[in-house]
Amino acid sequence: MIPIPAEPGPFPLDPAAVALVVIDMQRDFIEPGGFGASLGNDVTRLGAIVPAVAELIGLFRGKGWPVIHTRESHLPDLSDCPPAKRLRGKPAARIGDPGPMGRILVRGEPGNAIVAACAPLPGELVIDKPGKGAFYKTNLEAMLAQSGIRQLIFAGVTTEVCVQTSMREANDRGYDCLLVEEATESYFAEFKAATLAMIRAQGGIVGWTCTLPALETAVTP
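Everything numeric here is computed off the predicted structure, so don't read it as measured data. (Residues numbered from 1 in each chain as written. Predicted model: local features only at pLDDT ≥ 70, side-chain atom pairs only at ≥ 80, totals over all residues. Heavy atoms only, no water.)

S.K.: I tried to follow unusual backbone geometry on my own but got confused; where do I start?
M.R.: A negative phi angle is the norm for most residues apart from glycine, just as the trans form is the norm for most peptide bonds. In the segment running from Glu-7 into Pro-8, the intervening peptide bond is cis, with an omega of 10°. Mapping Pro-8 onto the fold places it in the loop between strand 1 (2-4) and strand 2 (11-13). Cis rather than trans, the peptide bond between Val-157 and Thr-158 has omega equal to -20°. Positionally, Thr-158 belongs in the loop between strand 8 (151-157) and helix 7 (159-172). Backbone geometry at Lys-137 places phi at a positive 55°, although glycine is not the residue there. Assignment of secondary structure puts Lys-137 in the loop between strand 7 (125-129) and helix 6 (140-147). Positive phi, normally seen in glycine, also occurs at Gln-202, with a value near 55°. With respect to the element layout, Gln-202 can be found in helix 8 (residues 189-204). (Helix = DSSP H or I, 4+ residues; strand = E, 2+ residues; numbered from the N terminus.)

Right, here's the structure in full:
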């Protein structure tokens, strides 16, 4: 075990049982001119974490530890998108509608791709998820069990929605979860701060949080 300085206390990282899960680093959420920007969000907040996420991915690749990527995406016919989800939001910017980078949150569209700096390498697992959480209607749990993974390090966007949802799903399934603070972000600073506090509250009710330098220093001989 490698003790990682974290809150609310050290995270006991097991190199034989850990994987990195990078949530939804998609062009439509992060890049200027994408879906997120079209809704009036300040995407520069999300874009600013790309170097940290890429550095974290590089750390795991260098150690030979698994890296898993997710995309929030739907089939072109939207058969996996319930009306209660699709009909929410602005009438002119709903899932499946034409957006600045192709159809919004539809698999294969330019905006649904992961940003180049964080793009998956051949052989890395990519999970296309129809919901906010990485486990909902995906094969993630089966793939983790097959690989003997029991600990998940989280990064990605947005902190309070897809990242937190995925962490809570993982927590319910018995995984130890750690969120890297510089490698996650929200369009709203107060939402990120509140989510970090909720995750590590009450002795780590959902999991742990740590800084990227603390993680890097702890795992580097």
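S.K.: Looking at this model, I keep getting lost on the side chain of Ser-186. Mind explaining?
M.R.: Among the structural elements, Ser-186 can be located in the loop between strand 9 (176-185) and helix 8. Polar contacts involving the side chain of Ser-186 include one to the main-chain amide nitrogen of Phe-188, which spans 2.9 Å. Excluding its chain neighbours within four sequence positions, the residues that come into contact with Ser-186 are Arg-45, Leu-46, Thr-158, Thr-159, Glu-160, Phe-191 and Lys-192. (Polar contact = N/O pair within 3.5 Å; in protein donor to acceptor, adjacent residues only side chain to side chain. Contact = heavy atoms within 4.5 Å.)

S.K.: Mind showing me how you'd approach helix 7 here?
M.R.: Working note: α-helix, 3.6 residues per turn, so residues spaced by three or four point in the same direction. For helix 7, spanning 14 residues, the distance from its first C-alpha to its last is 18 Å, which sits close to the expected 20 Å at 1.5 Å a residue. All of the buried residues along helix 7 are Thr-159, Glu-160, Cys-162, Val-163, Gln-164, Ser-166, Met-167, Glu-169 and Ala-170. (Expected span 1.5 Å × (residues − 1). Buried < 20%, exposed > 50% of the residue type's maximum accessible area, 1.4 Å probe, protein only.)

S.K.: Just to check I follow, could you spell out the environment of Pro-3 for this structure?
M.R.: If you trace the backbone, Pro-3 turns up in strand 1. By relative accessible area, Pro-3 is classed as exposed at 57%. For the pair Pro-3 and Arg-27, spaced 24 residues apart in sequence, the C-alpha to C-alpha distance is 34 Å.

S.K.: What should I look at first to understand helix 9 (residues 212-219) in this one?
M.R.: Every buried residue of helix 9 is listed here: Leu-212, Ala-214, Leu-215 and Val-219. Take helix 9 and look down its axis: the buried residues cluster within an arc of 165°, on one side only. Check the buried side of helix 9 and you find it contacts strand 1, strand 2, helix 4 (50-63), strand 9 and strand 10 (208-210). Structurally, the start of helix 9 carries an N-cap: the backbone nitrogen of Ala-214 is 3.2 Å from a side-chain oxygen of Thr-211. (Arc of directions from axis to C-beta.)

S.K.: Mind showing me how you'd approach the sheet that holds strand 4 (residues 67-72) here?
M.R.: Strand-to-strand pairing in sheets goes through backbone hydrogen bonds, with the strands running parallel or antiparallel. In space, the six strands of this open sheet follow the order 7-4-3-8-9-10, with parallel pairing throughout. A strand with exactly one partner marks an edge of an open sheet, and here the two such strands are strand 7 and strand 10. Each strand axis lies, on average, 25° off the axis of its neighbour in the sheet, ignoring direction. Across six bridges, the pairing between strand 8 and strand 9 is parallel. Bridge pairing in strand 9 links Ile-153 to Leu-178. With respect to the sheet, helix 4 is in contact with strand 3 (18-23), strand 4, strand 8 and strand 9, its orientation differing from that of strand 3 by roughly 155°. (Pairing = 2+ DSSP bridges. Axes fitted to C-alpha atoms, helices over the stretch in contact; angles between N-to-C directions.)

S.K.: Please clarify how the pattern of salt bridges should be interpreted in this entry.
M.R.: Pairs can form between side chains of opposite charge once their charged atoms are near each other. Scanning all chains against the criterion turns up 14 salt bridges. A salt bridge links Asp-128 to Arg-71; its shortest N-O distance comes to 2.9 Å. Here Asp-128 is found in strand 7, whereas its partner Arg-71 is found in strand 4, with 57 residues between them in sequence. Among the residues examined, Asp-128 registers a relative accessible area of 22% and is labelled partly exposed. One salt bridge connects Lys-192 with Glu-185, and the closest N-O pair in it is separated by 3.7 Å. One exposure class covers both Lys-192 and Glu-185, and it is buried. One network of salt bridges, with partners in common, ties together Glu-7, Glu-181 and Arg-200. (Salt bridge = Lys/Arg side-chain N within 4 Å of Asp/Glu carboxyl O.)

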